[in-house]
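# Inside the fold
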Amino acid sequence: MSVDDRQDDGTSHRSSPTGPRVAPPRQTPSPFAARPSAAPPPPPRQGNVAPPRGTFRFSLPSIIIFVLLLSSVAIQAYRDLSRPGAWDFWRETYIAASMTSAVISDVDIDGSGRGRRALAISGKIGSASASWFRDRLSEARLAPGDAVLLSSPGGALNQAAIMGEVIRTHGLVTAVATADASGKLRPAACASACVLVYAGGATRYGVAGSRLGVHRFTTSAPVSDPLAEAQRIQGMVLGYMTKMGVSSGIVEAMSQTSDIRWLSAKEALALNLITRPVDQP
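Let me sum up the structure you'll find in this document. Since we're looking at a predicted model, the values are computed, not measured.

Analysis parameters
Residues numbered from 1 in each chain as written. Predicted model: local features only at pLDDT ≥ 70, side-chain atom pairs only at ≥ 80, totals over all residues. Heavy atoms only, no water. Helix = DSSP H or I, 4+ residues; strand = E, 2+ residues; numbered from the N terminus. Buried < 20%, exposed > 50% of the residue type's maximum accessible area, 1.4 Å probe, protein only. Contact = heavy atoms within 4.5 Å. Areas by Shrake-Rupley, 256 points an atom, 1.4 Å probe, with all protein chains shown as cover. Axes fitted to C-alpha atoms, helices over the stretch in contact; angles between N-to-C directions. Parallel < 35°, antiparallel > 145°, perpendicular 65-115°, else oblique. Left-handed = near helix turned anticlockwise from the far one by under 90°. Nonpolar A, V, L, I, M, F, W, Y, C, P; charged D, E, K, R; others polar. Disulfide = S-S within 2.5 Å. Polar contact = N/O pair within 3.5 Å; in protein donor to acceptor, adjacent residues only side chain to side chain. Pairing = 2+ DSSP bridges.

## Thoughts on the overall build of the protein chain
- For the protein chain, the count of helices and strands is eight helices and 13 strands.
- Put simply, the protein chain has 281 residues, and 32% of those count as buried.
- Partitioning the intrachain contacts of the protein chain with sequence separation of at least 6 by distance along the chain shows that 69% fall at a separation of at least 24.
- Surface accessibility of the protein chain: about 18100 Å² in total, with carbon and sulfur atoms responsible for 56%.

Structure, rendered in structure tokens:
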């Protein structure tokens, strides 16, 4: 008997001389046999390694862009604050207002026994006083017919005109006076730009002992033609006072002097600046 060892497809077979070829039984791997270990991970590449997610890398272009943006903001802020009155506006808006206010719940202006709510404001009219005044009016919740009591040496002309417009829009009355918490009035003074605020009242009470002062308005900002600027201001004041029902003679009274000219009660009545004189206090 001979043995013929053949390989077919890589599998060893043994054939018998007296019978067919018989394939050897397949080898079933044992479940307890050790599995071949996984191939180790490839070593990390050397050189530029990407940073982990969630981190920010500063690069030279990003730093340059940041510096340019910061510089543009600083330059714009410098230009804004370099404008005439810009610093005063910023200071009054964010640091300290130039005017003060108080709400009086019940004040009798004309002695009729009819009390009304009032907002008393005092101090110099600053570069941001119109915005400040709107906020105080909103807080005071005045109704048409309520009063604004004034005590001021004047200040910014354009702000005063806006304040007067706001008073007229709300249908409020005005008086030159101060008041204590009980509503008792005391005489006060209202001069220069304050007169424009006073003129905004739907009714303008003339409290005995209080004073109204006028003068010629000028600008402190440098202008190329002072005469043309003076005429522009005079025209603006004339248009505003006429709109509020004050005689155009008020502009003539203003133009006569650069110092404060205190109007008598008779003069203020003749100019229709005071519309209702009262004997209080």
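## Quick word on the packing of helix α3 (residues 129-140) against helix α4 (residues 157-169)
- It is at 8 Å that the axes of α3 and α4 come closest, and there the two elements cross at 25°. Relative to α4, the element α3 is oriented roughly parallel. At the point where α3 passes α4, the crossing takes the right-handed sense. For the pair α3 and α4, the contacting residues are Ser129, Ala130, Ser131, Phe133, Arg134 and Leu137 in the first and Gln159, Ile162, Met163, Val166 and Ile167 in the second.
- Residue classes in the contact of α3 with α4 are distributed as seven nonpolar, three polar and one charged.

## Some thoughts on the state of the cysteines
- Scanning all chains against the criterion turns up one disulfide.
- Disulfide pairing places Cys190 opposite Cys194 at an S-S distance of 2.1 Å. One quick way to see it: the torsion about the S-S bond of Cys190 and Cys194 is about -115°, and its sign makes the bridge left-handed. This pair shows no difference in class: Cys190 is buried, exactly as Cys194 is.

## Observations regarding the side chain of Arg136
- Within the element layout of this structure, Arg136 appears in helix α3.
- Given a relative accessible area of 17%, Arg136 falls into the buried group.
- Side-chain polar atoms of Arg136 contact the side chain of Glu139, separated by 2.9 Å.
- Not counting chain neighbours up to four residues away, the residues in contact with Arg136 comprise Ser101 and Leu119.

## Some details on the pairing of strand β10 (residues 204-207)
- Every second residue of β10 is oriented toward a common face, with Arg204 and Gly206 on one face and Tyr205 and Val207 on the other, all of them buried.
- Judged from the two bridges that link them, strand β7 (residues 173-179) and β10 form a sheet pairing that is parallel. Note on β10: the bridge partner recorded for Thr174 is Arg204.
- Examined bridge by bridge, β10 and strand β13 (residues 276-278) share three bridges and lie parallel to one another. By the bridge assignment for β13, Val207 is matched with Val278.

## Details of the sheet that holds strand β11 (residues 211-214)
- Reading across from one edge, β9-β11-β12 is the order of the three strands in this open sheet, with mixed pairing throughout. The two strands at the open ends of the sheet, each matched to only one other strand, are β9 (189-191) and β12 (261-263). Along the sheet, successive strands turn relative to each other by an average axial angle of 30°, direction set aside.
- With three bridges joining them, β9 and β11 adopt parallel strand pairing. Residue pairing across strands places Ala191 opposite Gly213, the latter belonging to β11.

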